[in-house]
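# Residue-level structural notes
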Amino acid sequence: MFEYFPTGPYTWNLGVVATLNSGGLIDEVDRACRPIKEAANAGEDAGTPEFLRAWTALTDQLVAQAEDAEKAGHVRTAGQLYFRASNYLAQAERMLAHSDPNRVPTYRRMLELAQKAFYTHSPRVSRVAIPYEGTTLPAYFSQAPATDEGPAPVIVLVNGLDSTKEHMYASNHWEELAARGISCLMLDQPGTGEALRLQGLTARIDTEAWAGACVDWLEQRDDVDAARIGIVGWSLGGYYAPRAAAFEKRFALVVAWGANHNWGAVQRRRKEREGERPVPHYWEHVLWVWGHEGDENDLDGFLDFADGVHLDGVVEQITVPFLIAHGANDRQIPLEYAHRSYDQAVNSSKRQLRVFTPEEGATEHIGLDHLPHVSTFIADWVADTFAELARG
């Protein structure tokens, strides 16, 4: 993996490489990171305020340029600037502690920038709300051009532990799907993104509950082929999505973009400082996500709860096509978990394990070191599988 901070924290380097592989420009990223090289050496937690300041300054610069472009009638230029600005701010916000007073204001600004990017850059993407247990789940819906001719298949794209629908938008995976005739619902499910930050909805083990709500909503749309609704989850979504497909039988296919087969066991490893962590302020973030904020002094109690977040006895219930995509050198989730998910998915009608190697790139966690390579592979697999399902 390209590591901008040679002696700096893994979390910062992963954020940089994710940004670059989601449409960030090397010059802009370098100008943001150069002033904080020393701060990186202070440690991942201590330096996050400096990270936010530097990346916010870059965001401010791009937003000013975008506003000038809009005033001049240069909508395409403005859209490109808003798109990159939302990407940069999303990565900076991801680094902050839950207790940081800048977290919610920064996130609210991300929402504003994303909306401006839709108007000027991605007019087929819109904000939607999914009815769910007396409230709603926030999401972005990419309506594929194919819907102009009739109903199209759709992918529900779900987050991991620390990502947001804004990261999904920046990844351009929705655009790859759209080019293949597939719409995409980019979801902030409970425990992630806006659902967690602004609505206080925390994660749950039985992911089929919120996943089923998404299917209910999609089935009501006349631009959706209800027989071809799939679910894709990256990082911790590699647990969420297979669990959902195992018990919500209306999903036609499922992809684990990173095989998070036993998240509970990974937490026990992380307590012993084995393997890398995805974000700074790690335990504060994890307890927040799962609604265990009061357990700061009882981490062992939380770990007992987390032992229930696994796919043993679950993937056997998957009967639809199932793709597992994993990096050979994933420093967060052991490669053995990808093999475990594959080996146990004996009832899937079409199971495939794809391991990305150092020679080709995309060997790090969810392929962030070569994200477009993984994104297009998954989009092709999804398109091919939907086509097979349509042929019967």
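Everything below is about the structure printed above this text.
Read on for an overview of the structure. Predicted model only: the values in this text are computed from it and were never measured.

### A closer look at the sheet that holds strand S3 (residues 152–158)
- Across the sheet, eight strands lie side by side as S1-S2-S4-S3-S5-S6-S7-S8; this open sheet has mixed pairing. Across the chains shown, the open sheet's two edge strands, defined by having one partner strand only, are strand S1 (125–132) and strand S8 (351–356). The average angle at which neighbouring strand axes cross in this sheet is 20 degrees, direction not considered.

### Regarding the packing of helix H4 (residues 48–71) against helix H5 (residues 75–94)
- The geometry of H4 relative to H5 is characterised by a closest axis approach of 8 Å and an angle of 165 degrees between their N-to-C directions. In terms of axis orientation, H4 runs roughly antiparallel to H5. Of the two possible hands of crossing, H4 and H5 adopt the one that is left-handed.
- Residues of the contact of H4 with H5, tallied by class, amount to 15 nonpolar, five polar and three charged.

### Concerning the pairing of strand S2 (residues 135–142)
- Burial within S2 is extensive, with six of its eight residues counted as buried.
- Both S1 and S2 contribute to a ladder of eight bridges, which runs antiparallel. Within S2, the residue paired with proline 131 across the bridge is threonine 136.
- Counted along the chain from S1 to the antiparallel partner S2, the turn is two residues long, and its residue glutamate 133 has a positive phi close to 45 degrees.
- Note that S2 and strand S4 (residues 183–187) share four bridges and pair antiparallel. From the neighbouring strand, phenylalanine 141 faces S4, where its bridge partner is leucine 185.

Rules used in this analysis
Residues numbered from 1 in each chain as written. Predicted model: local features only at pLDDT ≥ 70, side-chain atom pairs only at ≥ 80, totals over all residues. Heavy atoms only, no water. Pairing = 2+ DSSP bridges. Helix = DSSP H or I, 4+ residues; strand = E, 2+ residues; numbered from the N terminus. Axes fitted to C-alpha atoms, helices over the stretch in contact; angles between N-to-C directions. Parallel < 35°, antiparallel > 145°, perpendicular 65-115°, else oblique. Left-handed = near helix turned anticlockwise from the far one by under 90°. Nonpolar A, V, L, I, M, F, W, Y, C, P; charged D, E, K, R; others polar. Buried < 20%, exposed > 50% of the residue type's maximum accessible area, 1.4 Å probe, protein only.

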